[in-house]
Amino acid sequence: MTVNLEVSAGVGTIRLDRPPMNALDIATQDRLKELAEEATRRDDVRAVIVYGGEKVFAAGADIKEMQDMDHAAMVLRSRALQDSFTAIARIPKPVVAAVTGYALGGGCELALCADYRIAADNAKLGQPEILLGLIPGAGGTQRLARLVGPSKAKDLIFTGRMVKAEEALTIGLVDRVVPAAEVYEQAHAWAARLAQGPALALRAAKEAVDTGLETDIDTGLAVERTWFAGLFATEDRERGMRSFVEEGPGKAKFL
């Protein structure tokens, strides 16, 4: 398999495994979608890491495969391409990308689907599709602009240039830069902490933020209000408030 899901102590790792550069061919895209849906369904997965291994996150699409596709073929394929990435973005649990080496093109777009991005200090990210006479097709024009703002997104998309980890941190493309040897460890620590949290409240928080970004503020506030009130029907809310009153903040156990 080109992608695997490994689960331990509430943390699911979606691991790309297509040496040497984790090129995202059609089979890998489809497998990503399958595993995102599996991670969504499984109760033993409470947080997710997307990881390409110690050397490279993903260097982009399989260009040799794409070169043989004409307009009609890509019209048929482009929705499935986007759907595979959207499935990662819509996992209703915290998702962190552990970015090592290159995250280019589809690799960068995959990282954009995570809620949080931890990058190695030697990582390089970018959307180089313009150098092929193309634009990003797996969500890059949309998710990148929402994350870093339209002018910075246009700079990266128009020029196709790669950014090093520190610049990626400065513009908000990644959230933390760490030594390369610590990327997965720190991503796992982030995920493991949230795997111990209140699953429904985390799901509600993610949906409220993501939905609000796509709508006007009144609609976003309505989504927030509905989830906020709904969580008063959960055991986690009872447990969290009881622990706060009896023991003080931050001591509730939700599993």
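As a convention, each chain's residues are numbered from 1 in the sequence order in which they are written. Reporting in this predicted model follows two pLDDT cut-offs: at least 70 for local features of residues, and 80 or more for side-chain atom pairs to be given and counted; totals over whole chains, interfaces and linings ignore these cut-offs and use all residues. To obtain the side-chain values, all non-hydrogen atoms of the structure were used and water was disregarded.

K.L.:
What's the story with the pairing of strand β2 (residues 11–16) in this structure? I'm lost.
P.N.:
Put simply, side chains in a regular strand alternate between the two faces of the sheet. Buried residues are those whose accessible area, probed at 1.4 Å on protein chains only, stays under 20% of the maximum for their type, while exposed residues exceed 50% and partly exposed ones sit between those limits. Under the DSSP-based scheme used, a helix requires at least four consecutive residues in state H or I and a strand at least two consecutive residues in state E, with every element numbered from the N terminus. Counting buried positions along β2 gives five out of six residues, so the element sits mostly inside the fold. The criterion for strand pairing is that DSSP finds at least two bridges linking the strands in question. With six bridges joining them, strand β1 (residues 3–8) and β2 adopt antiparallel strand pairing. Across the sheet, Asn4 pairs through a bridge with Arg15, a residue of β2. Counted along the chain from β1 to the antiparallel partner β2, the turn is two residues long, and its residue Ala9 has a positive phi close to 50°. Each parallel crossover has a hand, and the one from β2 via helix α1 (residues 26–41) to strand β3 (residues 47–51) is right-handed. Consider the strands pointing away from the viewer: the crossover is right-handed when the path from the first strand over the helix to the second runs clockwise.

K.L.:
Explain the sheet that holds strand β5 (residues 102–104) here, please?
P.N.:
Strands belonging to one sheet form pairs held by backbone hydrogen bonds; the direction of such a pair is parallel or antiparallel. Across the sheet, three strands lie side by side as β5-β7-β8; this open sheet has mixed pairing. Of all strands in the sheet, those bounded by a partner on one side alone are β5 and β8 (162–164). In this sheet, adjacent strand axes meet at a mean angle of 20° when their direction is disregarded. As paired elements, strand β7 (residues 124–126) and β8 share three bridges and run antiparallel to each other. When the bridges of β8 are listed, Lys124 appears paired with Lys164. Angles here are taken between N-to-C directions and fall from 0 to 180 degrees, while the axes themselves are lines fitted to C-alpha atoms, restricted in helices to the stretch in contact.

K.L.:
Would you take a moment to explain a nonpolar patch on the surface for this structure?
P.N.:
On the surface, a nonpolar cluster with roughly 250 Å² of combined accessible area is contributed by Met21, Tyr102 and Met162. Residue position: Met162 is located in strand β8. Relative accessible area serves as the criterion here: at 40%, Met162 is assigned to the partly exposed category. What makes a patch is a set of residues exposed beyond 30% relative accessible area and free of salt bridges, joined within 9 Å when like-charged and within 5 Å when nonpolar (Val, Leu, Ile, Met, Phe, Trp, Tyr). Surface exposure here means Shrake-Rupley accessible area, sampled with a 1.4 Å probe, where a residue is shielded only by the protein chains that are shown. Salt bridges are identified by distance alone: a Lys or Arg side-chain nitrogen within 4 Å of an Asp or Glu carboxyl oxygen.

K.L.:
Looking at this structure, how should I read unusual backbone geometry?
P.N.:
One can expect most non-glycine residues to show negative phi and most peptide bonds to be in trans. At the junction of Pro19 and Pro20, the peptide bond is cis and its omega measures out at 0° in the coordinates. Within the element layout of this structure, Pro20 appears in the loop between β2 and α1. Its identity is not glycine, yet Ala9 carries a phi of approximately 50°, on the positive side. With respect to the helices, strands and loops of the structure, Ala9 is situated in the loop between β1 and β2. The backbone of Asn22 sits at a positive phi, close to 55°, despite the residue not being glycine.

K.L.:
Can you help me understand helix α5 (residues 140–148) in this one?
P.N.:
The periodicity of an α-helix, 3.6 residues per turn, causes residues three or four positions apart to be oriented the same way. Burial in α5 covers these residues: Gly140, Leu144 and Val148. All buried residues of α5 lie within an arc of 20° about the axis, which places them on one face of the element. For this analysis, residues touch if any pair of their heavy atoms sits within 4.5 Å. Contacts made by the buried residues of α5 are with α4 (106–112), α6 (150–159) and α7 (165–171). One or two steps after α5, the chain reaches Gly149, where phi turns positive at roughly 95°. Note: the arc covers the axis-to-C-beta directions of the helix.

K.L.:
Can you walk me through the packing of aromatic side chains in this structure?
P.N.:
Two aromatic rings, taken as a pair, are described by how far apart their centres are and by the angle between their planes. We call Phe, Tyr and Trp rings a pair once their centres come within 6.5 Å, taking the six-membered ring for Trp, and we label the pair stacked below 30 degrees between planes, edge-to-face above 60, and tilted otherwise. The tally for this structure, following the rule as stated, stands at three aromatic pairs. Ring centres 4.7 Å apart and planes at 40° place the aromatic pair Tyr51 and Tyr184 in the tilted group. A residue pair is termed long-range when its members are at least 10 positions apart, and Tyr51 in strand β3 and Tyr184 in helix α8 (residues 183–195) qualify at 133 residues. Relative accessible area serves as the criterion here: at 10%, Tyr51 is assigned to the buried category. With a relative accessible area of 27%, Tyr184 lands in the partly exposed category. Where Phe228 meets Phe232, the ring centres are 5.5 Å apart and the plane angle is 75°; that geometry is what we call edge-to-face. For Phe232, a relative accessible area of 37% puts it in the partly exposed group.

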